[in-house]
Amino acid sequence: VGSMSKEWRGLFSQIAENLLPVWQHRPSVLFRSNPVLDGRLAVADVAKLVDGGVLPAGRAALGKDRRDWSSAPLNGSLGQVLQKSTVYANNAGLYLPVLADLCLAAVDTLGWPVTCNAYLSAPGLEVSV
């Protein structure tokens, strides 16, 4: 077990009790940011896979009334699209080793199925999904 896996397991052990009351009632976002994640994954890491056609991704397209959104193709490089839209990559844990490690640690610690999706938004973006 690598040192990163130990960190993830420690994190999930701490939050397991908080998840038990909501598990199976609704999806749970465990964290949007966490010190354990800091510096582990960069936009450049994701861009290599998205722009290379390895990691499937889409973008959030706002509806006409700006109250809803739908999925749309990127239609450009990740860097170009991030200037205007939130980009998502569902099941990113299948493609990005740091997220795969996180998912494995969560499954091992919690005993529950886990997936990692990635959402990327540029700083200062007016609307982010």
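Residues numbered from 1 in each chain as written. Predicted model: local features only at pLDDT ≥ 70, side-chain atom pairs only at ≥ 80, totals over all residues. Heavy atoms only, no water.

Draft legend 1. Up close: the sheet that holds strand β2 (residues 69–72). With antiparallel pairing, four strands are arranged side by side in an open sheet as β2-β1-β3-β4. Only two strands of the sheet have a single neighbouring strand rather than two, namely β2 and β4 (118–120). Neighbour-to-neighbour, the strand axes of this sheet turn through a mean angle of 30°, independent of strand direction. Pairing of strand β1 (residues 58–62) with β2 involves four bridges; the strand directions are antiparallel. Directly across from L62, in β2, lies its bridge partner W69. (Pairing = 2+ DSSP bridges. Helix = DSSP H or I, 4+ residues; strand = E, 2+ residues; numbered from the N terminus. Axes fitted to C-alpha atoms, helices over the stretch in contact; angles between N-to-C directions.)

Draft legend 2. View of helix α2 (residues 43–51). Taken residue by residue, α2 has V46, A47 and V50 as its buried positions. Axial view of α2: buried residues confined to an arc of 105°, hence all on one face. Opposite its buried face, α2 presents the exposed residues A44 and K48, each directed more than 90 degrees away. The elements touched by buried residues of α2 are α3 (78–82) and β4. (Buried < 20%, exposed > 50% of the residue type's maximum accessible area, 1.4 Å probe, protein only. Arc of directions from axis to C-beta. Contact = heavy atoms within 4.5 Å.)

Draft legend 3. Broad picture of unusual backbone geometry. Of note, N75 is a non-glycine position whose phi angle comes to about 55°, a positive value. Following the sequence through the fold, N75 ends up in the loop between β2 and α3. The exposure class of N75 is exposed, given its relative accessible area of 67%. Within the chain, N91 stands out as a residue other than glycine whose phi angle is a positive 60°. In this structure, N91 sits in the loop between β3 (87–89) and α4 (97–110).

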